[in-house]
Amino acid sequence: RPGLRIANFGTTLLVADGVVGLLFIAMAGVAGVWQGVGLLVTLGVVGGYLQVAVMSWLQRRISLDMLGRAMALLMFLFMGLAPLSAALSGWLVGVVGLGAIFAGAGVAMLVVVLFGYVATPIRHLSET
């Protein structure tokens, strides 16, 4: 839904990322399967919205002669670094535990969102 915005595009991205951070923190306290399923479904909906919104925005902003290169770089970031992240997370689970991984990821996400809102112009980002 292109009209689904909070103030503007940048603020919407920051709020959605903040929600993702809160969902990760909540994952640290999951005690039952139904709780995990509910959080993961919500996380999937918000994450899917973010990916479509950001990819569409980038594809409209990047010149056509550079679009292939830019998309290749983004796919490397999304798909190429995921196995490394999974390996690091798997190792960290053995060191600090699963709850700490989720809580730490959520807190880190909220810190990045707060930094993005306070110290960068992303909160003023528009569709055009």
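Everything that follows concerns the structure shown earlier in this document.
Residues numbered from 1 in each chain as written. Predicted model: local features only at pLDDT ≥ 70, side-chain atom pairs only at ≥ 80, totals over all residues. Heavy atoms only, no water.

> Is there a simple way to explain the overall build of the chain in this structure?
Across its full length, the chain holds five helices and zero strands. In sequence order, the secondary structure elements of the chain are arranged as α-α-α-α-α. Seen along its three principal axes, the alpha-carbon backbone of the chain occupies a region of about 45 × 30 × 30 Å. Each of the 128 residues in the chain was classed as buried or not, and the buried ones make up 24%. Put simply, 66% of the contacts in the chain that link residues at least 6 apart link residues at least 24 apart. (Helix = DSSP H or I, 4+ residues; strand = E, 2+ residues; numbered from the N terminus. Buried < 20%, exposed > 50% of the residue type's maximum accessible area, 1.4 Å probe, protein only. Contact = heavy atoms within 4.5 Å.)

> Sorry, what's going on with the nonpolar core here?
The nonpolar side chains of soluble globular proteins are, as a tendency, buried together. Counting 18 residues, the largest nonpolar core has F9, V20, V46, L50, M71 and L74 as the members making the most contacts within it. When residues of this core are traced back to their parent elements, those giving at least two are α1 (9-27), α2 (33-61) and α3 (64-80). Of all the elements, α2 adds the most residues to this core, at eight residues. With sequence-adjacent residues up to four places away left out, V46 is seen in contact with A16, V19 and V20. (Core = buried A, V, L, I, M, F, W, Y, C linked by side-chain atoms within 4.5 Å.)

> I would appreciate a short explanation of the packing of α1 against α2 in the present structure.
Packed helices, taken two at a time, are described by the angle between their axes plus the distance between the axes. Look at α1 against α2: their axes get within 10 Å of each other, and the N-to-C directions meet at 155 degrees. Classified by the angle between their axes, α1 and α2 sit roughly antiparallel to one another. Here the hand of the crossing between α1 and α2 comes out left-handed. Each of F9, T12, L13, A16, D17, V19, V20, L23, F24, A26 and M27 in α1 lies in contact with α2, whose residues at this interface are G36, L39, L40, T42, L43, V46, Y49, L50, A53, V54 and W57. Of the residues contributing to the contact of α1 with α2, the split by class is 18 nonpolar, three polar and one charged. (Axes fitted to C-alpha atoms, helices over the stretch in contact; angles between N-to-C directions. Parallel < 35°, antiparallel > 145°, perpendicular 65-115°, else oblique. Left-handed = near helix turned anticlockwise from the far one by under 90°. Nonpolar A, V, L, I, M, F, W, Y, C, P; charged D, E, K, R; others polar.)

> Before we go on, may I ask you to explain the environment of A28 in this structure?
Mapping A28 onto the fold places it in the loop between α1 and α2. By relative accessible area, A28 is classed as partly exposed at 31%. Considering only alpha carbons, one finds A28 and A105, 77 residues apart in sequence, at a separation of 9.8 Å.

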